[in-house]
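Each chain is listed here by its residues.
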Amino acid sequence: FMCKLTFTDIGNMAQAVLAIVSLAAFLISILTLIILYCNLGQFWKQNSLTQALNRPLCGIKDILVNHYSVPSTPDIPVIGIEALIANSGNDAARDVLFTYEIYALDAKQNSKTVLTSKKPTMDHRTWVLMPRNEVKTFLLYIQKKDFDQAVIGYDKVALLDLTLEYKDSGGKVMKYSSTYSITRLLTDKDMKVYEVSLRESKLTE
């Protein structure tokens, strides 16, 4: 009877150990699945981040305002405005199209006067901007006399609206737009000092 009871106890213990081992194996399987799921989520997150970092990222880095003298009319000074376009991404920007418009804003009268209506550079042609690259694009000439009449101190400023459209490697269209203000400072006796500042910018997809 004692031997029979002992064998029975041993059988029950074996079943209990087997149940514990099965439960442990089940828990390990669940834990493994959770770890795999987390790793998969981290992989896709990292993959999305990598794609975002590798895509082209274009914008206007700077606006340059300079004085020029046209050889054919050296006595008539002009103002030349250029834009420095930069692609800070790791992929080329394709089908780049750059448009601009400049107008004078009278803060006192709350009125706008178009100096140059909206038009694209390069006659509607698109180009490719390579990664980690910059290109200087000429926008317009305007007689200094006309520009200085429209832009005086902080009461009358020129606003330059810029739009940059391009595609990434997958053909996705991205659009960068910005507005710069150009102020003619009155501290210089020849009034040749112009201040350029960024008012707003945004990138949309």
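Nothing here was measured: the structure is a model prediction, and the numbers come from that model.

Scoring rules and cut-offs
Residues numbered from 1 in each chain as written. Predicted model: local features only at pLDDT ≥ 70, side-chain atom pairs only at ≥ 80, totals over all residues. Heavy atoms only, no water. Core = buried A, V, L, I, M, F, W, Y, C linked by side-chain atoms within 4.5 Å. Buried < 20%, exposed > 50% of the residue type's maximum accessible area, 1.4 Å probe, protein only. Helix = DSSP H or I, 4+ residues; strand = E, 2+ residues; numbered from the N terminus. Contact = heavy atoms within 4.5 Å. Patch = residues over 30% accessible without salt bridge, like charges linked within 9 Å, V, L, I, M, F, W, Y side chains within 5 Å. Areas by Shrake-Rupley, 256 points an atom, 1.4 Å probe, with all protein chains shown as cover. Salt bridge = Lys/Arg side-chain N within 4 Å of Asp/Glu carboxyl O. Pairing = 2+ DSSP bridges. Axes fitted to C-alpha atoms, helices over the stretch in contact; angles between N-to-C directions.

(A) Up close: the nonpolar core. With 32 residues, the main nonpolar core has Ile81, Phe98, Leu139, Phe147, Leu160 and Leu162 as its most contacted residues. Going through the elements one at a time, strand 1 (58-70), strand 2 (73-87), strand 3 (93-106), strand 5 (127-129), strand 6 (133-143), helix 2 (144-150), strand 7 (153-167) and strand 8 (173-184) are the ones with two or more residues in this core. Sorting elements by how many residues they give to this core places strand 3 first, with six residues. If we skip the residues at most four places from it in the chain, Ile81 touches Ile63, Leu64, Val65, Ile102, Phe138, Leu139, Leu140, Leu160 and Ile182.

(B) A look at a nonpolar patch on the surface. Together, Leu23, Phe26, Leu27, Ile30, Leu33, Ile34 and Leu36 give the surface a local cluster of nonpolar side chains, amounting to about 680 Å² of exposed area. Inspection of the secondary structure puts Phe26 in helix 1 (residues 2-54).

(C) Structural detail: the environment of Leu162. Take Leu162: it is sitting in strand 7. In sequence terms Leu162 and Pro120 are 42 residues apart; their C-alpha atoms lie 9.7 Å from each other.

(D) Layout of the pairing of strand 3. Among the 14 residues in strand 3, ten count as buried, and that is most of the element. Summarising the sheet, strand 3 and strand 5 pair through two bridges and their orientation is antiparallel. Of the residues in strand 5, the one forming a bridge with Ala93 is Leu129. Summarising the sheet, strand 3 and strand 4 (residues 111-120) pair through seven bridges and their orientation is antiparallel. Its bridge partner lying in strand 4, Leu105 is registered against Lys112. Taking the residues that link successive antiparallel strands as the turn, the strand 3-strand 4 hairpin has four residues, and the phi of Asn110 there is positive, at about 55°.

(E) Local environment of the sheet that holds strand 1. What the three strands build is an open sheet, ordered 1-2-6; its pairing is antiparallel. If you trace the sheet from one side to the other, it starts and ends with strand 1 and strand 6, each paired once. Sheet twist, expressed as the average angle between the axes of neighbouring strands with direction ignored, equals 20°. Pairing between strand 1 and strand 2: twelve bridges, direction antiparallel. The residue of strand 2 that forms the bridge with Ser69 is Pro77.

(F) Highlighting the pattern of salt bridges. Within this structure, the stated rule accounts for ten salt bridges. Glu205 serves as the salt-bridge partner of Lys172, at 2.7 Å between the closest nitrogen and oxygen. Here Lys172 is found in the loop between strand 7 and strand 8, whereas its partner Glu205 is found in the segment after strand 9 (194-204), with 33 residues between them in sequence. Of the residues examined, Glu205 reaches a relative accessible area of 54% and is grouped as exposed. Each of Arg55, Lys172 and Glu205 takes part in one network of salt bridges that share partners.

(G) The side chain of Thr137, seen in detail. Along the chain, Thr137 falls in strand 6. Overall, Thr137 belongs to the buried group, its relative accessible area being 10%. If we ignore the near neighbours within four places in the chain, the residues touching Thr137 are Glu82, Ala83, Ile85, Phe98 and Thr121.

(H) Structural view of unusual backbone geometry. One non-glycine residue, Asn110, lies in positive phi territory at about 55°. For Asn110, the location among the structural elements is in the loop between strand 3 and strand 4. The phi dihedral of Arg132 is positive, around 55°, even though this residue is not glycine. With respect to the secondary-structure elements, Arg132 resides in the loop between strand 5 and strand 6. According to the relative accessible area criterion, Arg132 is exposed, its value standing at 58%.

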